[in-house]
Amino acid sequence: MLDHMRLSRRRFLGVVAGSAGAASLAGFSKSAWGDDDDDDRLLRKANIGIILFSVRDAVSRDPTTSDLPSGFREVLERMAQIGYKQIEFAGYGQNANAVGGANPGPGNPGAYLAYARTLRRFLDEFDLKANGTHAFIPGSLTPANLDRYRLELEFAATLGMDYYGTGGDPSGSRFKADWDVAADRWNQLGQIARDEYGIRLYTHNHDGVYNFLLDSGPLDALGRPTRSSGMRMLEYGFTVLDPRYVFFEFDIFWGHVAQHRFQTYTAPDGSTATDVFDPAATVRAEERRTKRLRFPLFHAKDGRRTGDPPGVGQGYTFVPFGQGDIDFATFFSRIGKAGQRIPFWEQDNAPGGAANPAQSLQFAEISYAPLANLQEVDDDSDSDSD
């Protein structure tokens, strides 16, 4: 009963914040790229999003020094004009001169939640849905950390989010024992998010989390294994992170970097074994195993091949969506249930600095259409269907 009351209160806060600023986008009821009919598109246009990290320079810009969109309200307006519908936050700070003022921070809970209501009004004004954030995850379950975590979840609920997460992996370790400890903590945090706030906790991958787990072979001086059975770190994480409470945001760029980097491992007998990572197969296999949509969120981040041989360098460089070598249409077709996925466009190096202060906004615009207009492709690998 208490959990139900908490959930109702948090959702009530979000509804109140939304109704106060609800308004349609004047002059932009339809996307610059056409109407809202999905036609034969692979992904639903209502699910196409952006993580604001890609335009972080615009969010933090002082509006008194530039005619370019600056601060959350103006940047969100521009994203809506382009056609984005879903927003993933990467911090809540903006320039103090921007509409809504500076973020007062969690040290002042009342002002912090009032600031959340201001951001929610901006979102509603432009018919945008906040659906994720890279935010605070407690490193230990102390009372102070849990209080801060609940405050951040209340902030997220006020914004209307269904998902709350982080840009890092749960463990940061190649050892099974460390993953077991991290999973216990994350499962508890995920249960709090779900039961008290109706929010799903998620973790985001970089390439390193798909390196091979060290789980066998001779022990080192600290008693830790030095070889691998061939299981990858996050693949083990799948087995210990409770599918009821913990979900995943798959960064497609970093998945392909992992495919380039981590192709061999030292087997328990000391031999070198080869196993090339398949990003789409990994997503599909885990969802078939659990019969759940464990990967609701994605970073749709494009990359151009560098020409480095396997295992050397990163293998890809960041480019605007549609200008790289990653086959997103095949990836989303292979994993199935494409209409339920939420892809956030991201480009880590989109900001152009003083030389080109409009670059990140330009890249956001030119990346939208090729993402929104992806077409399904035939796949012979027995993928699930929508």
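Just so it is clear, the model here is predicted, and its values are computed rather than measured.

1. Some remarks on the overall build of the chain
When its secondary structure is counted, the chain shows 11 helices and 14 strands. Within the chain, the proportion of its 386 residues that are buried is 52%. Taking all contacts inside the chain whose residues are at least 6 apart in sequence as the whole, residues at least 24 apart take part in 74%. A total of about 15,900 Å² of accessible surface is found on the chain, and carbon and sulfur atoms cover 49% of it.

2. Structural notes on empty space enclosed by the protein
Following the criterion strictly, the structure yields 1 cavity of 30 Å³ or more and no others. Roughly 40 Å³ of volume is contained in the largest cavity. Asp169, Thr203, His204, Asn205, Val209, Tyr210, Leu234, Phe248, Glu249 and Phe295 together form the lining of the largest cavity. Breaking the lining of the largest cavity down by element, the ones donating at least two residues are strand E5 (200-204) and strand E8 (246-251). When its residues are assigned to classes, the lining of the largest cavity shows 5 nonpolar, 3 polar and 2 charged.

3. Some words on the nonpolar core
Ranked by size, the top nonpolar core spans 95 residues in total, and within it Phe89, Tyr149 and Phe332 carry the most contacts. The element best represented in this core is helix H5 (residues 143-159), accounting for 8 residues. Listed in part, the 7 residues of the second largest apolar core include Ile51, Tyr163, Ile342 and Phe344.

4. Here we look at the sheet that holds strand E4 (residues 163-166)
The strand order across the open sheet formed by 8 strands is E3-E2-E1-E14-E11-E8-E5-E4, and the pairing between neighbours is parallel. Of all strands in the sheet, those bounded by a partner on one side alone are strand E3 (129-133) and E4. Taking the axes of each pair of neighbouring strands and ignoring which way they run, one obtains an average angle of 30° across the sheet. Here strand E11 (residues 297-300) runs beside strand E14 (residues 342-345); their pairing, made up of 4 bridges, is parallel. Counterpart to Leu297 in the pairing with E14 is Ile342.

5. Re the pairing of E3
Here E3 lies mainly inside the structure; 4 of its 5 residues are buried. As paired elements, strand E2 (residues 86-89) and E3 share 4 bridges and run parallel to each other. Paired with Glu88 across the two strands is Gly132, which belongs to E3. In this view, the connection linking E2 to its parallel neighbour E3 by way of helix H4 (residues 109-125) has right-handed handedness.

6. What about helix H11 (residues 359-372)?
For H11, with 14 residues, the first-to-last C-alpha span of 20 Å sits near the 20 Å given by 1.5 Å per residue. H11 sits mainly inside the fold: 10 of its 14 residues count as buried. Where H11 is concerned, the buried positions are Gln359, Ser360, Leu361, Phe363, Ala364, Ser367, Tyr368, Ala369, Leu371 and Ala372. On its buried face, H11 sits against strand E1 (49-51), helix H2 (56-60), helix H3 (71-82), E11 and E14.

7. A short note on the packing of H3 against H11
Axis angle and axis distance: for two packed helices, these are the angle between their axes and the distance between the axes, and together they describe the pair. Look at H3 against H11: their axes get within 10 Å of each other, and the N-to-C directions meet at 25°. Between H3 and H11, the interaxial angle falls into the category roughly parallel. For the pair H3 and H11, the sense of crossing is right-handed. Mapping the contact onto sequence places Arg78, Met79 and Ile82 in H3 and Leu361, Ala364, Glu365 and Tyr368 in H11. Here the contact of H3 with H11 is composed, by residue class, of 5 nonpolar, no polar and 2 charged.

8. Details of the packing of aromatic side chains
Applying the stated criterion across every chain yields a total of 23 aromatic pairs. Ring centres of Phe72 and Phe89 lie 5.5 Å apart, and the angle between their planes is 55°; this geometry places the pair in the tilted category. Separated by 17 residues along the polypeptide, Phe72 in helix H3 and Phe89 in strand E2 bring together distant segments of the chain. With respect to burial, Phe72 and Phe89 carry one shared label: buried. By way of ring pairs, the aromatic residues Tyr210, Phe238, Phe248, Phe250, Phe277, Phe295, Phe298, Phe331 and Phe332 are connected into one cluster. Across from the ring centre of Phe53, 3.8 Å away, lies the NZ or CZ of Arg56, which sits over that ring. If you follow Arg148 out to its NZ or CZ, it ends over the ring of Phe136, 4.3 Å from the centre.

9. Side note on the pattern of salt bridges
Under the counting rule described, the total for this entry stands at 19 salt bridges. Residues Lys301 and Asp251 are paired through a salt bridge, measuring 3.0 Å at the closest nitrogen-oxygen approach. With Lys301 in the loop between E11 and strand E12 (302-305) and Asp251 in strand E8, the pair connects residues that are 50 residues apart, well separated along the chain. Judged by relative accessible area, Asp251 falls into the buried class, the value being 0%. In this structure, the salt-bridge partner of Lys301 is Asp348, at a minimum N-O distance of 2.8 Å. Of this pair, Lys301 sits in the loop between E11 and E12 while Asp348 sits in the loop between E14 and H11, placing them 47 residues apart in sequence. Assigned by exposure class, Lys301 and Asp348 land together as buried. Salt bridges sharing partners connect three or more residues here, namely Asp251, Lys301, Glu346 and Asp348.

Rules behind the numbers
Residues numbered from 1 in each chain as written. Predicted model: local features only at pLDDT ≥ 70, side-chain atom pairs only at ≥ 80, totals over all residues. Heavy atoms only, no water. Helix = DSSP H or I, 4+ residues; strand = E, 2+ residues; numbered from the N terminus. Buried < 20%, exposed > 50% of the residue type's maximum accessible area, 1.4 Å probe, protein only. Contact = heavy atoms within 4.5 Å. Areas by Shrake-Rupley, 256 points an atom, 1.4 Å probe, with all protein chains shown as cover. 1 Å grid on protein atoms, 1.4 Å probe; cavity = no way out; pocket = protein on both sides within 12 Å on 5 of 7 lines; lining within 4 Å. Points joined across faces, edges and corners; volume = space filled by probe spheres on them. Nonpolar A, V, L, I, M, F, W, Y, C, P; charged D, E, K, R; others polar. Core = buried A, V, L, I, M, F, W, Y, C linked by side-chain atoms within 4.5 Å. Pairing = 2+ DSSP bridges. Axes fitted to C-alpha atoms, helices over the stretch in contact; angles between N-to-C directions. Right-handed = clockwise from strand over helix to strand, strands pointing away. Expected span 1.5 Å × (residues − 1). Parallel < 35°, antiparallel > 145°, perpendicular 65-115°, else oblique. Left-handed = near helix turned anticlockwise from the far one by under 90°. Phe/Tyr/Trp six-rings, centres within 6.5 Å; stacked < 30°, edge-to-face > 60°. Lys NZ or Arg CZ within 6 Å of the ring centre and 35° of its normal. Salt bridge = Lys/Arg side-chain N within 4 Å of Asp/Glu carboxyl O.

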